[in-house]
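Next come the chains, spelled out residue by residue.
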Amino acid sequence: VVRTTHLTGLFTDVGIEGAKILARYKDTENREKMFNKFILHTIIIIFFFLGGIVGGFLYAHYLFVAFLFPLGLLF
């Protein structure tokens, strides 16, 4: 289960998955599954930050017209 409602939960999940990978590194059966989950959580965190930064710059440059692109994607 991947919870993406808050970044605090994602950072906690990244820490837990990272600790599991380090503690059970020789466990070849579950290593790929744990690593994939770690990568997924990390990518979600990166895109949260990138979305905030890009959205801020787009709004500063285009004002409310910047909202038309995501609105068009939703429709």
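For the structure, see preceding data.
Now for a quick tour of the structure. In this convention, every chain numbers its residues from 1, walking through the sequence in written order. Owing to the predicted nature of the model, reporting of local features is limited to residues with pLDDT of at least 70; listing and counting of side-chain atom pairs is limited to 80 or more, with chain, interface and lining totals taken over all residues. Hydrogen atoms and water are omitted, and side-chain values are computed over all heavy atoms in the structure.

Quick word on the overall build of the protein
- Helix and strand counts for the protein come out as 3 helices and 0 strands.
- Helix numbering and strand numbering both begin at the N terminus, where a helix is a DSSP run of H or I of at least 4 residues and a strand a DSSP run of E of at least 2. Sequence-ordered secondary structure for the protein, helices as α and strands as β, is α-α-α.
- Atoms counted for the radius of gyration: C-alpha only. Globule rule: 2.2 Å times the number of residues to the power 0.38. The C-alpha radius of gyration computed for the protein amounts to 17 Å, which surpasses the reference 11 Å derived for 75 residues by more than 25%, pointing to a less compact arrangement than a globule.
- Dimensions of the protein along its principal axes, counting C-alpha atoms only, are 50 × 25 × 15 Å.
- Counting only residues that meet the buried cut, the protein has 15% of its 75 residues in that class.
- The Shrake-Rupley method, run with a 1.4 Å probe, gives the accessible areas here. Residue values count only the displayed protein chains as cover. Taken as a whole, the protein presents about 6300 Å² of accessible surface, with 72% of it coming from carbon and sulfur. The buried label applies to any residue whose accessible area, calculated with a 1.4 Å probe on protein chains only, is under 20% of its type's maximum; exposed applies above 50%, and partly exposed to all values in between.

Here we look at the environment of Gly15
- Looking at the secondary structure, you find Gly15 in helix 1 (residues 7-23).
- Taking C-alpha positions, Gly15 is 9.9 Å from His41, a pair spaced 26 residues apart along the chain.

Thoughts on the packing of helix 1 against helix 2 (residues 28-62)
- Interhelical geometry of helix 1 versus helix 2 gives an angle of 150° and a closest axis separation of 9 Å. Here helix 1 is positioned roughly antiparallel relative to helix 2, judged by the angle of their axes. Viewed along their axes, helix 1 and helix 2 form a crossing whose handedness is left-handed. Only Met34, Phe35, Lys37, Phe38, His41, Thr42, Ile44, Ile45, Phe48 and Phe49 of helix 2 make contact with helix 1, whose side of the interface consists of Leu7, Leu10, Phe11, Asp13, Val14, Glu17, Gly18, Lys20 and Ile21.
- Split into classes, the residues belonging to the contact of helix 1 with helix 2 amount to 12 nonpolar, 3 polar and 4 charged. Only the stretch in contact is used when a helix axis is fitted, and all axes are lines through C-alpha atoms; the angle between N-to-C directions ranges over 0 to 180 degrees. Orientation categories follow fixed angle ranges, with anything under 35 degrees roughly parallel, anything over 145 roughly antiparallel, 65 to 115 roughly perpendicular, and all other angles oblique. If you view the pair so one helix is near and one far, a crossing is left-handed when the near helix is turned anticlockwise from the far one by less than a right angle, and right-handed when it is turned clockwise. Contacts are residue-level and defined by heavy atoms, with any inter-residue pair within 4.5 Å sufficient. Following the grouping adopted for this structure description, the nonpolar residues are Ala, Val, Leu, Ile, Met, Phe, Trp, Tyr, Cys and Pro, the charged ones are Asp, Glu, Lys and Arg, and the polar ones are all others, Gly among them.

Description of helix 1
- A helix is expected to span 1.5 Å for every residue after the first. The end-to-end C-alpha distance of helix 1, which contains 17 residues, comes to 24 Å, matching closely the 24 Å that a straight helix rising 1.5 Å per residue would cover.
- If you check which residues of helix 1 are buried, you get Leu10, Asp13, Val14, Glu17, Gly18 and Ile21. Summarising the axial view, the buried residues of helix 1 lie within an arc of 135°, below the 170-degree limit, and thus occupy one face. Among the exposed residues of helix 1, those oriented more than 90 degrees off its buried face are Thr8, Leu22 and Ala23. Picture the helix axis, draw a direction to every C-beta atom, and the arc is the one those directions span.

Remarks on helix 2
- Look at helix 2: 50 Å from first C-alpha to last across 35 residues, which is about the 51 Å you get at 1.5 Å a residue.
- Of the residues making up helix 2, those classed as buried are Met34, His41, Ile44 and Ile45.
- Buried residues belonging to helix 2 abut helix 1.
- Looking one or two places after helix 2, you find Leu63, whose phi comes out positive at around 55°.

Observations concerning a nonpolar patch on the surface
- Every patch collects residues that have over 30% relative accessible area and no salt bridge, joining them within 9 Å if they carry like charges and within 5 Å if they are nonpolar side chains (Val, Leu, Ile, Met, Phe, Trp, Tyr). Whenever Lys or Arg places a side-chain nitrogen within 4 Å of a carboxyl oxygen from Asp or Glu, that contact is recorded as a salt bridge. A surface patch of nonpolar side chains, about 740 Å² in accessible area, is lined by Val54, Leu58, Tyr62, Val65, Leu68, Leu71 and Phe75.
- Sorting the residues of the nonpolar patch by element identifies helix 2 and helix 3 (68-74) as the ones contributing at least two each.
- For the nonpolar patch, the element with the highest residue contribution is helix 2, accounting for 3 residues.
- Position of Leu68 among the secondary structure elements: in helix 3.

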